[in-house]
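Descriptive analysis of the structure
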Amino acid sequence: MNVSLKLVELQIALPRMYDVGKIQDELQQQPQLVQAHLTQETQKQDERMRRQVTQKRSSANVRREKESETMHPYKGNNIDVKG
């Protein structure tokens, strides 16, 4: 009787040990996954910042071009030479 109880206990304990090992493995890999996720988010944020700076620079250049294209009140107007 004593032997059969130990076999039953082993039948219950072995699958649980397998589950515990799987859980421990997941817990050990979790910081690596978190770090990889943070790295991806940082790269995405850096790319967004680069695009934002590029867009701001291009809009500033467009504004300067528009200002240079506008007619100056004295330059480029017809001059009366007949006097």
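Residues numbered from 1 in each chain as written. Predicted model: local features only at pLDDT ≥ 70, side-chain atom pairs only at ≥ 80, totals over all residues. Heavy atoms only, no water.

Some points on the overall build of the protein
Summing up its helical and strand segments, the protein has one helix and zero strands in all. Across the 83 residues in the protein, those meeting the buried criterion constitute 0%. Total accessible area computed for the protein in this model is approximately 8600 Å², and 56% of it derives from carbon and sulfur atoms. (Helix = DSSP H or I, 4+ residues; strand = E, 2+ residues; numbered from the N terminus. Buried < 20%, exposed > 50% of the residue type's maximum accessible area, 1.4 Å probe, protein only. Areas by Shrake-Rupley, 256 points an atom, 1.4 Å probe, with all protein chains shown as cover.)

Looking at the pattern of salt bridges
Inspection of every chain in the model, using the stated rule, returns two salt bridges. We note a salt bridge from R50 to E47, for which the minimum N-O separation is 3.0 Å. Highlighted residues: R50 and E47, both in helix α1 (residues 2–69), separated by three residues, approximately one helical turn. Since its relative accessible area comes to 32%, E47 is described here as partly exposed. Note that R51 and E47 form a salt bridge whose closest N and O atoms lie 3.5 Å from each other. Of this pair, R51 and E47 are both found in helix α1, four residues apart, which corresponds to roughly one turn of the helix. Accessibility expressed as a relative area gives 53% for R51, which makes it exposed. (Salt bridge = Lys/Arg side-chain N within 4 Å of Asp/Glu carboxyl O.)

Some details on the environment of T42
Mapped onto the secondary structure, T42 falls in helix α1. Engagement of the side chain of T42 in a polar contact is seen with the backbone oxygen of L38, the distance being 2.8 Å. (Polar contact = N/O pair within 3.5 Å; in protein donor to acceptor, adjacent residues only side chain to side chain.)

Thoughts on a nonpolar patch on the surface
Together, L7, L10, L14 and M17 line one region of the surface with nonpolar side chains, adding up to about 430 Å² of accessible area. In this fold, L14 is placed in helix α1. Overall, the relative accessible area of 54% leaves L14 in the exposed class. (Patch = residues over 30% accessible without salt bridge, like charges linked within 9 Å, V, L, I, M, F, W, Y side chains within 5 Å.)

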